[in-house]
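# Analysis of the macromolecular model
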Amino acid sequence: MSASTLRSPTGSVPDAAGRNTVARSVRAELFRLRAWPAMWATLGTWFLLATVFGYVFPYISYTTGSAGFSTEGQSAEVLLQGVLPESVPDVLVQGTPLFGGALVLVLGALVAGNGYTWGTWKTVFTHGRLRPTIGALLALAVIVAAMVIVTAVLCTAISVVLATVESQPLIWSSAADLLRSAGTAYLVFMMWATIGFALGTYARSAALSVGLGLVWTLVVENLLRGVGSALPLVQDVTAFLPGTAAGSLVGAVTGAGQGTPGVVDVISGPRAVVTVTAYIVVAVVTTGILVRRRDVN
Amino acid sequence: MTDNTTLTTATDRPGRAGSADIDADVVVETSALTKRYGDRAAVDSVDMTVRRGEIYGFLGPNGAGKTTTLRMILGLIRPTSGSVRVLGRPAGSRESSSCTGALIEGPGFFPYLSGRANLRTLARHRGLSDRCVEEVLARVGLVDRGNDAYKSYSLGMKQRLGVAAALLGDPDLIVLDEPTNGLDPSGMADMRALIVDLARAGHTVILSSHLLGEVQEICDRVGVIANGRLVRESTVSTLLGDAILKVRGTPQDRVVSIASDLAGENGFEIDGDAVLLDLPPERAPDVVRALVAADVAVSSIGPTERTLEDVFFEMTTTSTPMKGV
């Protein structure tokens with residue numbers, strides 16, 4: 001094969017007008033992400049944890065009469081109601097502020113950070129920086145959307161099985177409740193995913209960004225909220241933290257005070273929506289600035 | 001809004017934005033290109049010109065500034081000052097980057113994907129068809145191993161996949177940084193043939209390599225960089241200069257004495273059992289006459305050429321910037 005045959009007349013020349021270039025990058029990122037075992041491991045962990053904490057533990061508590069850390073003090077009737085189809089909207093979001101958020105943060109950090117570790121961003125950025133980055137963020141948004149939809153389907157399927165086993169009538173939640181819950185889960189996940197992506201971009205390393213992100217979500221915010229109960233100034237600050245916003249948003253949907261880890265009622269629902277959205281915007285803009293301004297080494 | 005706006009600002013020069021006044025034969029042109037890290041200049045006022053269709057060898061010791069220069073040409077690093085224009089456009093602009101392919105400082109691919117899937121990912125980013133992927137895989141001889149995971153590739157295979165990625169989209173300019181790293185002798189020969197073939201097909205190739213014999217063999221022109229400064233840019237033949245005379249005879253001290261008389265004190269060099277005289281081959285009869293007159297037993301005399309390696313070491317130890325043809 002000679003070099004001249006490389007100059008194929010079709011399909012070789014990129015679209016000069018640059019149309020649909022972001023869509024191409026979304027396609028490219030989805031193409032490579034869908035084959036990534038780390039992504040499936042992260043999503044699988046979420047589905048497993050959502051099932052275990054949303055249905056397995058409450059159902060075991062119901063059937064055995066024992067109480068777990070999240071079901072203590074709840075009557076058998078409440079426990080059973082919590083695993084039936086009418087409670088799918090609550091179960092869908094209850095894990096998102098804590099372990100769900102941490103998992104998508106890990107996913108976002110891996111998507112961005114591993115590209116630097118492997119040198120793949122260097123290869124891709126040779127033909128432009130912003131478009132592939134936006135493509136990766138949008139691909140992440142698609143994956144998160146699929147994650148929420150699959151979770152809703154999974155919750156519905158499990159709750160129907162349990163209702164059948166327990167000979168309970170199939171009472172469905174309203175579509176509005178389900179949509180509101182799915183939207184909340186999506187917002188919370190997107191906040192943590194974009195923060196993870198921004199951390200991965202900033203650190204240019206998956207390991208460092210995952211470590212920093214997890215320490216923040218699982219340790220620092222909880223510590224600050226603990227300190228905040230004694231120091232009003234710290235308490236004021238914690239009201240603006242991402243974990244507080246996510247927990248408050250979920251709390252506004254499910255009704256605060258259920259004892260679910262990560263779910264709080266520190267700020268109002270509307271303010272939580274604004275705060276979560278602001279974090280998404282800040283994370284995306286920060287990522288864009290870092291990608292555009294920094295040298296690619 | 002296009003990517004690298006700030007880079008465009010840094011590299012664009014007034015009065016040169018349009019394409020009409022661009023020399024169509026110049027593919028890469030840097031002007032006073034400088035990159036500083038703190039007080040240290042990694043690249044210092046480099047004026048470099050790469051012409052269409054040539055294989056340009058870019059040489060320099062480790063840490064001389066080769067890769068930094070190449071990254072600035074690709075728009076991956078923003079210059080501190082100076083400018084880079086690629087195909088008449090600022091480096092890193094969409095127009096220039098869409099016509100450029102590169103393998104820079106080792107290949108960067110997703111380890112969990114196959115070689116083919118890696119290239120398809122890159123092709124999708126750029127809106128290229130899967131057919132292009134098959135073409136470049138064939139070009140580097142990886143069709144049969146295309147479905148193997150990248151992480152299972154040998155160093156040489158990874159390098160070839162990196163070259164395949166650089167060829168995607170049939171770019172006008174191909175930048176190859178040490179493309180023969182990890183290749184066996186046969187792979188190196190194939191790579192050399194590929195590069196020559198690419199140039200024949202109208203591509204412009206910038207080849208950075210430590211294998212000076214390889215560069216001497218296939219490059220049309222070379223640029224030599226040392227301590228961040230371009231110390232020489234010329235054709236290979238100009239750089240090597242004229243042939244000189246190589247003499248073997250005994251006693252050697254008498255050969256040295258004659259060499260000093262004929263070529264001057266600085267015009268000769270002892271090379272093992274031979275003496276190199278900085279004289280043109282047509283002076284051989286004069287040299288033989290003088291040696292015989294001095295009762296030297298001449299065992300051989302003939303023209304010899306300096307290698308690029310000789311010239312490279314001379315230039316990189318005395319780095320005075322100069323520009324040739």
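Relevant structure appears above.
Residues numbered from 1 in each chain as written. Chains lettered and ligands numbered in written order. Predicted model: local features only at pLDDT ≥ 70, side-chain atom pairs only at ≥ 80, totals over all residues.

## Re the overall build of chain A
- Along its length, chain A carries 12 helices and zero strands.
- Taken from the N to the C terminus, the helices and strands of chain A come in the order α-α-α-α-α-α-α-α-α-α-α-α.
- Each of the 297 residues in chain A was classed as buried or not, and the buried ones make up 45%.
- If you take every contact in chain A between residues at least 6 apart in sequence, the share linking residues at least 24 apart comes to 78%. (Helix = DSSP H or I, 4+ residues; strand = E, 2+ residues; numbered from the N terminus. Buried ≥ 20, exposed ≤ 12 C-beta atoms within 10 Å, placed from the backbone. Contact = placed C-beta atoms within 7 Å.)

## So, the sheet that holds strand S1 (residues 26–37) of chain B
All names here are of chain B.
- Strand order in the open sheet formed by four strands is S2-S1-S4-S5, and the pairing between neighbours is antiparallel. Because the sheet does not close on itself, it has two edges, and the strands there are strand S2 (40–51) and strand S5 (89–90).
- Across the sheet, helix H2 (residues 66–73) lies against S1, S2 and strand S4 (81–86), angled at about 120° from S1, the strand it touches most. (Pairing = 2+ DSSP bridges. Axes fitted to C-alpha atoms, helices over the stretch in contact; angles between N-to-C directions.)

## Some remarks on the pairing of strand S11 (residues 244–250) of chain B
- Sheet topology places S11(B) next to strand S14 (residues 297–304) of chain B; seven bridges connect them, and they run antiparallel. Across the sheet, residue Arg248(B) finds its bridge partner in S14(B), namely Ser300(B).

## Let's talk about unusual backbone geometry
All names here are of chain B.
- In this chain, Thr 250 is followed by Pro 251 through a cis amide linkage whose omega measures -5°.
- Here Pro 251 lies in the loop between S11 and helix H10 (252–263).
- Although it is not a glycine, Asn 227 adopts a positive phi angle of roughly 50°.
- Using a count of 16 C-beta atoms within 10 Å as the deciding quantity, one classes Asn 227 as partly exposed.
- In this model, Asp 295 sits at a positive phi of 65°, which is unusual for a non-glycine residue.
- Mapped onto the fold, Asp 295 is located in the loop between helix H11 (284–293) and S14.
- Residue classification places Asp 295 among the exposed residues on the basis of 8 C-beta atoms within 10 Å.

## Remarks on the interface of chain B and chain A
- Listed as interface residues are 44 residues of chain B and, on the opposing side, 40 residues of chain A.
- Residue assignment for the side of chain B that touches chain A shows that the elements contributing at least two residues are helix H3 (94–97), strand S6 (100–103), helix H4 (115–125), helix H5 (130–139), helix H6 (155–167) and helix H7 (185–200) of chain B.
- The dominant element in the side of chain B that touches chain A, judged by the number of residues it contributes, is H4(B), at six residues.
- When its residues are assigned to classes, the side of chain B that touches chain A shows 19 nonpolar, 13 polar and 12 charged. (Nonpolar A, V, L, I, M, F, W, Y, C, P; charged D, E, K, R; others polar.)

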